Amino acid sequence: MPITSSSLDGMKVAILVSDGFEQVEMTEPRKALDHAGAQTLIVSPVEGRVRGWNHHDPADSFEVDVPLQGAKPEDFDALLLPGGVVNPDTLRIDEKAVAFVRAFVEAGKPIAAICHGPWTLIDAGGVKGRKMTSWPSLQADLKNAGASWSDKEVVVDQSLVTSRKPDDLPAFNREMTKAFEIAHEASIH
C-alpha cells in the first residue's frame, strides 16, 4: 500500500539533538516525516537554538521546540536520532538524554538512528539482540553492546531503523516512514 501524504497524521516525533549533529541527517528525515503528516519537534539539552554541522564545518542553527529539561517521552510516538560525531557523544553522557531515549526503548516505540546516532542507544540499553547498522567506526561498540551489525544502507529490526551515512538517506527515510506508519496504525486501532 503506498504511503499517502497523511499516513502519519497525528504522530508526534521527537528529534533528539545537541550541537554538532550532521545537519542533513536531521533535515532530510524531518522533511520526509513532515511530508507524511507527522509533527516533528526538536528536543535538545541546548537552550534556544541548536547548531548542525556539515561534516567538519558549522552549519545552520535550528530553534529548539522542546527543551530536554521539560520533555516527556510519553508526549511522543517515535524518536529520530541523527548522527554527527559530537552530537551523540554529547547526548550519551547526558543522563536526561539517555533516560529520554531509554523511555522510548522500554515502551517499544519506533526509533530511527543514522550514522553515529546509534551511540546514544547503546547507553540507553537499546541495542542488545538487535540487528543494526551505523557509521563503520561504531561497529565494535554496537557488537560489544550485543547488537548484530551489518554493513547495509538500511537495517530494519521491528520498529528500529538504522542507516550508515548521508548517502543512505533515501533508503533510511523510506524505511523510517514505513516503520513509523506501522506503529502509528497499530496505536490508532
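The coordinates are above.
Quantities reported herein were computed from a predicted structural model and do not represent experimental measurements. (Residues numbered from 1 in each chain as written. Predicted model: local features only at pLDDT ≥ 70, side-chain atom pairs only at ≥ 80, totals over all residues. Heavy atoms only, no water.)

Trainee: Would you mind showing me how to read the packing of aromatic side chains here?
Mentor: Summed over the entire model, instances satisfying the criterion amount to 3 aromatic pairs. Seen in terms of ring centroids, Phe21 and Phe62 are 6.0 Å apart; in terms of plane orientation they differ by 50°. Their pairing is tilted. With a gap of 41 residues between them, Phe21 in strand 2 (residues 21-22) and Phe62 in strand 5 (residues 57-63) connect regions that are remote in the sequence. Here Phe21 and Phe62 have matching classes, each one buried. Judged by centre distance (6.1 Å) and plane angle (75°), the rings of Phe76 and Phe100 are edge-to-face. Of this pair, Phe76 sits in the loop between strand 6 (66-67) and strand 7 (78-81) while Phe100 sits in helix 3 (residues 95-107), and the two are 24 residues apart along the sequence. Taken as a pair, Phe76 and Phe100 share a single burial class, namely buried. Through a chain of ring-to-ring contacts, the aromatic side chains of Phe76, Phe100 and Phe104 assemble into a single cluster. The ring of Phe76 carries the charged tip of Lys12 above its face, separated from the ring centre by 5.4 Å. Sitting above the plane of the Phe104 ring, Lys109 keeps its charged end 5.3 Å from the centroid. (Phe/Tyr/Trp six-rings, centres within 6.5 Å; stacked < 30°, edge-to-face > 60°. Helix = DSSP H or I, 4+ residues; strand = E, 2+ residues; numbered from the N terminus. Buried < 20%, exposed > 50% of the residue type's maximum accessible area, 1.4 Å probe, protein only. Lys NZ or Arg CZ within 6 Å of the ring centre and 35° of its normal.)

Trainee: Explanation requested: the sheet that holds strand 11 (residues 154-157) in the structure shown.
Mentor: Pairing between sheet strands relies on hydrogen bonds along the backbone, with the strands arranged either parallel or antiparallel. The sheet built from 7 strands is open, its strands ordered 6-3-1-7-8-12-11 with mixed pairing. Each edge of the open sheet is held by one strand with a lone partner, namely strand 6 and strand 11. As defined by bridge partners, strand 8 (residues 111-114) adjoins strand 12 (residues 160-163) across 4 bridges and the pair is classed as parallel. What sits directly across from Ile114, in strand 12, is Ser163. (Pairing = 2+ DSSP bridges.)

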